[in-house]
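Residue strings, one per chain:
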Amino acid sequence: MTNRVTPGSGPLDLNQLRTFLAVHRAGSLTAAAHQLGLSQSTVTAQVRALEQRLGRELFERRARGVSPLPYADDLAARLSAPLDQLAGVAAGPDGAAPEPVHLAGPAEFLGTVLLGALAPLVAEGVQLRVTTGLTDPLLDELRAGRHDLVVATRRPRGRTLLAEPLADEEFVLVAAPVWAERLAGRELPAALAEVPLLSYAEDLPIARRYWRHVFDRRLHARAAVTVPDLRAVLAAVTAGAGWSVLPGYLCRAELASGALRLLHRPADPPINTAYLVRRPAGSTNPHVALVRERLLDAARRCG
């Protein structure tokens, strides 16, 4: 935010830290000022004073809002739990409990990867309301305020939402051992024309992307089985119904056990990035920030 930052001395100001955390969560000086009941000039002055004290810039100004710099992300991670606990104490024993956090995204990714990472927060009292579905409708619902956080399979267009990279998913070409043995030594992808194809949609979006990226050609095939749940596709492929292209995280255990086999090992496998998306105005519910930070932390550790 500032052009020149020089370190100061003395203890950190608690009000400045609260203001910094509100700006970090909201992604906007204006939104943070509204949440805190302060003027935007006061919020700006407090953030600049904290930058002077720390000797570091915390935010980069953007056309819409501000973007935290790496040190700001680290500082917010350290401050969130203590300041939220302090806010809870200040509210008193009769203070209202935070509302549930509304999280949405692909059923397979939420169920296989993310909900496990949130288990410690649930044990500590965080309530979750999880919705599953396709990215575009979920992003529309996020804009309308129906969700707090959405895991999206693509970065949303425009500037009405804030998106942070969450995880990269690698796509793998797999089949049961019975098919892998029949295909051994044969040329791919031509040999796959003799094996049933399984997909979660009629237009074969994952398989078509794999063909373009790996084989540099279009896929001309029709699915033998379509089912709109990748976990069901995985079960059918594992049972020997045919081949499919699946996210690597979904079939990691089956590949490790030998229940599934990789049919191809490309030097540059296709990868899709999942994003954690929120509204720029943020949420007054402190548990939303806890869930967001836990998911991003889990993604960093897994990566």
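Look up: the structure comes first, before these words.
Calculation notes
Residues numbered from 1 in each chain as written. Predicted model: local features only at pLDDT ≥ 70, side-chain atom pairs only at ≥ 80, totals over all residues. Heavy atoms only, no water. Salt bridge = Lys/Arg side-chain N within 4 Å of Asp/Glu carboxyl O. Helix = DSSP H or I, 4+ residues; strand = E, 2+ residues; numbered from the N terminus. Buried < 20%, exposed > 50% of the residue type's maximum accessible area, 1.4 Å probe, protein only. Pairing = 2+ DSSP bridges. Right-handed = clockwise from strand over helix to strand, strands pointing away. Expected span 1.5 Å × (residues − 1). Arc of directions from axis to C-beta. Contact = heavy atoms within 4.5 Å. Phe/Tyr/Trp six-rings, centres within 6.5 Å; stacked < 30°, edge-to-face > 60°. Lys NZ or Arg CZ within 6 Å of the ring centre and 35° of its normal.

Under the criterion given, the structure shown has 9 salt bridges. A salt bridge links D74 to R78, with the shortest nitrogen-to-oxygen separation between them at 3.2 Å. With D74 and R78 both in helix 4 (residues 70-91) and 4 residues apart, the pair spans about one turn of that helix. When its relative accessible area of 48% is taken as the criterion, R78 is described as partly exposed. Salt-bridge contacts for R261 lead to E181; the nearest nitrogen and oxygen are separated by 3.7 Å.

For the rest of this paragraph, the subject is the pairing of strand 3 (residues 101-105). Most of strand 3 is tucked away: 4 of the 5 residues are buried. By the bridge criterion, 5 bridges tie strand 3 to strand 4 (residues 128-132) in an arrangement that is parallel. When the sheet's bridge partners are listed, L103 is paired in strand 4 with V130. Since strand 3 and strand 4 lie parallel, the crossover through helix 5 (residues 107-123) that links them has a hand, and here it is right-handed. Inspection of the sheet shows strand 3 paired to strand 5 (residues 149-152) by 2 bridges, in the parallel sense. Each residue of the ladder has a partner; that of L103, found in strand 5, is L149.

A word on helix 3 (residues 40-54). For helix 3, spanning 15 residues, the distance from its first C-alpha to its last is 21 Å, which sits close to the expected 21 Å at 1.5 Å a residue. Regarding helix 3, the residues found buried are V43, T44, Q46, V47, L50, E51 and L54. Down the axis of helix 3, the buried set is contained in an arc of 165 degrees. They therefore lie on one face.

Its location among the elements puts R292 in helix 11 (residues 286-302). Judged by relative accessible area, which is 5%, R292 ranks as buried. Once residues lying within four places of it in the same chain are set aside, the contact partners of R292 are H24, L149, E164, L276 and R278.

On to the packing of aromatic side chains. Throughout the structure, instances matching the rule amount to 6 aromatic pairs. With centroids separated by 5.3 Å and ring planes inclined at 20 degrees, the aromatic side chains of W211 and W243 adopt a geometry described as stacked. In this pair, W211 sits in helix 8 (residues 205-215) while W243 sits in strand 9 (residues 243-247), placing the two residues 32 residues apart along the sequence. In terms of burial, W211 and W243 fall into one category: buried. Here the aromatic residues Y210, W211, F215 and W243 are joined through ring pairs into a cluster of three or more. One Lys or Arg, R182, reaches over the ring of W179 and ends 4.6 Å from the middle of that ring.

This next bit is on the environment of L138. Considering the arrangement of structural elements, one finds L138 in helix 6 (residues 135-143). Residue classification places L138 among the buried positions, given a relative accessible area of 3%. Sequence separation between L138 and A104 is 34 residues; the distance between their C-alpha atoms is 6.9 Å. The residues touching L138, leaving out its near neighbours within four places in the chain, are A104, G105, T131, T132, G133, H147 and V150.

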